[in-house]
Amino acid sequence: MRVLISGFDEFGEHSVNPSRLLAEQVNACSSHDVEWFGADVRGVVLPVEFDFGFQRLLKEINFFRPDAVLSFGLAASRRTIDLERFAVNWRESSSMGSSVVAGELLPGEALALASTLPIESILDRAKGAGLPMGVSHSAGTYVCNDVFYRMQRYFLRSCVRSGFIHVPPIGTDCTLDQLVQFASLAIGVLVRGR
Ligand code: PCA
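About the criteria used
What you see as residue numbers is a count from 1 along each chain, following the sequence as written. The predicted origin of the model limits local features to residues at a pLDDT of at least 70 and limits the giving and counting of side-chain atom pairs to 80 or more, whereas totals for whole chains, interfaces and linings rest on all residues. Note that the side-chain values use all heavy atoms of the structure and ignore hydrogens as well as water. Any Phe, Tyr or Trp ring, taking Trp's six-membered ring, that has another such ring centre within 6.5 Å forms a pair; planes under 30 degrees apart are called stacked, those over 60 apart edge-to-face, and the others tilted. Each helix is a run of H or I in the DSSP string that is no shorter than four residues. Each strand is a run of E no shorter than two, and both are numbered from the N terminus. Look at NZ for Lys and CZ for Arg. If either is within 6 Å of the ring centre and within 35 degrees of the ring normal, a charge sits over the ring. We call a residue near a given molecule or strand whenever any one of its heavy atoms falls within 4 Å of it. Any pair of N or O atoms that falls within 3.5 Å is considered a polar contact. Within protein, one atom must be able to donate a hydrogen and the other to accept it, and sequence-neighbouring residues count only if both atoms are side-chain atoms. Only the protein chains shown count as covering a residue, and every accessible area follows the Shrake-Rupley method with a 1.4 Å probe.

1. Quick word on the packing of aromatic side chains
In step 1: Evaluated as defined, the whole model comprises six aromatic pairs.
In step 2: Judged by centre distance (6.0 Å) and plane angle (85 degrees), the rings of phenylalanine 72 and phenylalanine 182 are edge-to-face. Remark: phenylalanine 182 occurs in helix H5 (residues 176-192) and phenylalanine 72 occurs in strand S3 (residues 68-74); sequence separation between them is 110 residues.
In step 3: Members of the aromatic cluster, joined through ring pairs, are Phe11, Phe50 and Tyr142.
In step 4: In this arrangement the basic side chain of arginine 91 is found over the ring face of phenylalanine 50, its NZ or CZ atom lying 5.1 Å from the centre.
In step 5: In this structure, arginine 192 is placed above the aromatic ring of phenylalanine 37, and the distance from its NZ or CZ to the ring centre is 5.1 Å.

2. Description of the site of the ligand
In step 1: Taken together, Phe8, Phe11, Asn17, Val48, Gly73, Leu74, Tyr142, Val143, Cys144 and His166 make up all the residues around the ligand.
In step 2: With respect to the ligand, the side chain of histidine 166 contributes an N or O atom lying 2.8 Å from an oxygen atom.
In step 3: Taking 260 Å² as the accessible area of the ligand by itself, protein coverage stands at 94%.
In step 4: Those elements giving two or more residues to the shell around the ligand turn out to be S3 and helix H4 (143-154).

Shown next as structure tokens:
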């Protein structure tokens, strides 16, 4: 099984993006350092720009041909690693000074698309390992949601499982090691099917 892990560049006032560190860590460590359950795992860092973020991801998807994609981004106000259930077909101009016009991401397409990751199984496993976990029903209306929606739309009638995970800032609530441990556990669930 091939699993693609994406993170994002730094953006706005966030000079550290843990999702980037995770994607880089995935490329730096071998299966001797982290348990990947036999999966071939690859990380990619995306630009924080509407549409371009997904274009970069798509390039990697076409190159790597993953069976699953775990896409990660920073949610600075969160305190837990949150599995996102839904991507919405909407974007808003953000507080980041962007001049994006609010509107549908893909006009005429579904209002929302669900994650195709086995959320409950991943949640159980990660909680059991003592990781700070949560479930969220909205990935917001910024670039994370944009990538999430376009990705779910792209894989709609395929067997590729994909979803988005928002992570808190690295610090007292969550460490980089815990993010790597989460990625490992989630891949374990995908490989075993439960
Ligand atoms: N978080 C932002 C975009 C990039 C990131 O890491 C978001 O939640 O949309």
